[in-house]
Structures are given as structure tokens and as C-alpha cells.
Amino acid sequence: MTGFPRYAIYFAAGSDSALSLFGAELLGYDAYSGNELAFPADALRVAPDWRDVSADPRKYGFHATLKAPMALVSGRTEAEMMAACAAFAGRPRPLPVIGPVVDSISGFIAVIPAEPVEALQQLAADCARDFDSFRAALSADDRARRKPEKLSERQRDYLDRWGYPYVMEEFRFHMTLTGRLDAERRGPILDMLRTRFAALGIETLAIDRIALFRQDDASARFHIVDEWPLAR
């Protein structure tokens, strides 16, 4: 991946929220503090290789993508992006509220909405559009890493237009907990994660903020620079 640092606009649930702690413990990494955390014992019982199972999402921290990772176009700065985040968050909009569940999505396990929420789709579309002026164009290598040959025609068009294939109609809110799993492994891990999530008692989740994440170099994990509550 070329072009560092990279930035992303994500949803994260707040540093002191039960959901953030749930995700950080399972990933073994807290993107708010930058600290590594011990994996839960029940995760290690079900999957002794839990460090490998959770390796892919650990790099990004527990989050939901609203604007995918990007290098800044020449002439734009982190300070300008933070100002844009504050301005975006300050514009009143319907606040998306989802009924969160743990389920499989494209072979990995994540916290997802039980039902589609139009205000959430609109929030993600607004992020894709409003922050695109900060995005450096994809290099040929970066585009190839997205495996465009495996994408639909619309997804390829979105990749070329927005730098990410899963925007607009293709957007699916997800807070990832594992990498892709073979079907035979998925069941016991999904059961364990559902049990842990049920213990939180979270029946509704307000998507009430945006956070700016930064990755300093290719070997670094993303960490949270700052976050802004959404006006309503």
C-alpha cells in the first residue's frame, strides 16, 4: 500500500462504551488508547489461534467504515481534515439508530444492523462524497489489491470513482470481529461471539459520531486521532 499516512472516517462507539470494550478485547487492541489487550478466555477456548482469527480487523481497530482508508491528496493536511470532520458532524441530520446483531457477512463475523436503516445509508453516502476531495487517487497497485476482476461492474465503477467499491448502494454497515472463516469453523465462533454480545444487553445502537483514524505506515495499526458527535 502506497501513500502514508492514511486516514479513514469510521464510526467507533466511544472510548468508555461497553461496545467499544467488547470489540477491543476481542481484537486485542484498543484504537482509542493504542494499547494491546489480553484476549478473552472464551475466545481462546473456542479458537486457540484467536490471534490469527482476529489479525485482519486488529490492524484497523474496532470500527465501521464510513469513508475508507485513503492517503491525502497533495496540498491537503490533517488539520484541514479535522476541520472538515467538525463541520460535517455539526450539520444536523437524522441520527441513525440500528438494532445490532452479531452475524456472518461475506465469510467474516461482525456486528451488523438487524434491518436496513435508510438514515445510516445516507450518512455513509454523505461521508463518501463529502470527504472525497481529501483522497489521493488510487495507484495501479492499490487498485489491483482490491481485485477488481472479482467485483461487479457497479463495484468496479465505484472503486474508480470513490476509491472503494462498497459505497452508495453497495454499502453495508459492519463492525468486524474476525477475518474470513471457513464454514466449518464459523459456527462455534459465531455462537461464542453471540453469547458475549448478548451479555452486553445492547438492543439499540445510535450511530452518533464520526471518528478520524490514522495509520502512520504500512506496519502500523490505525488509531483514533479525534471524534465528533453528530448534530441532530
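Keep in mind that what you see is a predicted model, and the values were worked out from it rather than measured. (Residues numbered from 1 in each chain as written. Predicted model: local features only at pLDDT ≥ 70, side-chain atom pairs only at ≥ 80, totals over all residues. Heavy atoms only, no water.)

Visitor: How would you explain the packing of aromatic side chains if you had to name every residue and give the values?
Guide: Enumeration over the complete set of coordinates arrives at 8 aromatic pairs. Centre to centre, the rings of Y164 and Y166 are 5.6 Å apart; their planes meet at 85 degrees, and the pair counts as edge-to-face. An aromatic cluster of at least three residues, connected via ring pairs, comprises Y10, Y60, F213 and F222. Sitting above the plane of the Y29 ring, R221 keeps its charged end 5.0 Å from the centroid. (Phe/Tyr/Trp six-rings, centres within 6.5 Å; stacked < 30°, edge-to-face > 60°. Lys NZ or Arg CZ within 6 Å of the ring centre and 35° of its normal.)

Visitor: Run through the environment of P92, naming residues and quoting values.
Guide: Tracing the chain through its elements places P92 in the loop between α5 (78-90) and β3 (97-98). Distance from P92 to A231, taken between C-alpha atoms, is 4.7 Å for residues 139 residues apart in sequence. (Helix = DSSP H or I, 4+ residues; strand = E, 2+ residues; numbered from the N terminus.)

Visitor: Please provide a residue-by-residue account of unusual backbone geometry, values included.
Guide: With an omega of 0 degrees, the peptide bond running from F4 to P5 counts as cis. Relative to the elements of secondary structure, P5 occurs in the segment before β1 (6-11). With a phi angle near 50 degrees, K147 is a residue other than glycine that sits in the positive phi range. Locating K147 in the fold gives a position in the loop between α7 (140-145) and α8 (153-162). You will see that M168, though not glycine, has its phi angle at about 55 degrees, which is positive. On the secondary structure map, M168 appears in the loop between α8 and β6 (175-176). Overall, M168 belongs to the buried group, its relative accessible area being 14%. (Buried < 20%, exposed > 50% of the residue type's maximum accessible area, 1.4 Å probe, protein only.)

Visitor: So what about the side chain of R135? Which residues, and what values?
Guide: As for its position among the elements, R135 is in the loop between α6 (118-130) and α7. We classify R135 as buried; its relative accessible area is 15%. A polar atom in the side chain of R135 sits 3.1 Å from the backbone oxygen of W162. Setting aside residues up to four positions removed in sequence, R135 forms contacts with K67, M70, A71, V73, R161, W162 and G163. (Polar contact = N/O pair within 3.5 Å; in protein donor to acceptor, adjacent residues only side chain to side chain. Contact = heavy atoms within 4.5 Å.)

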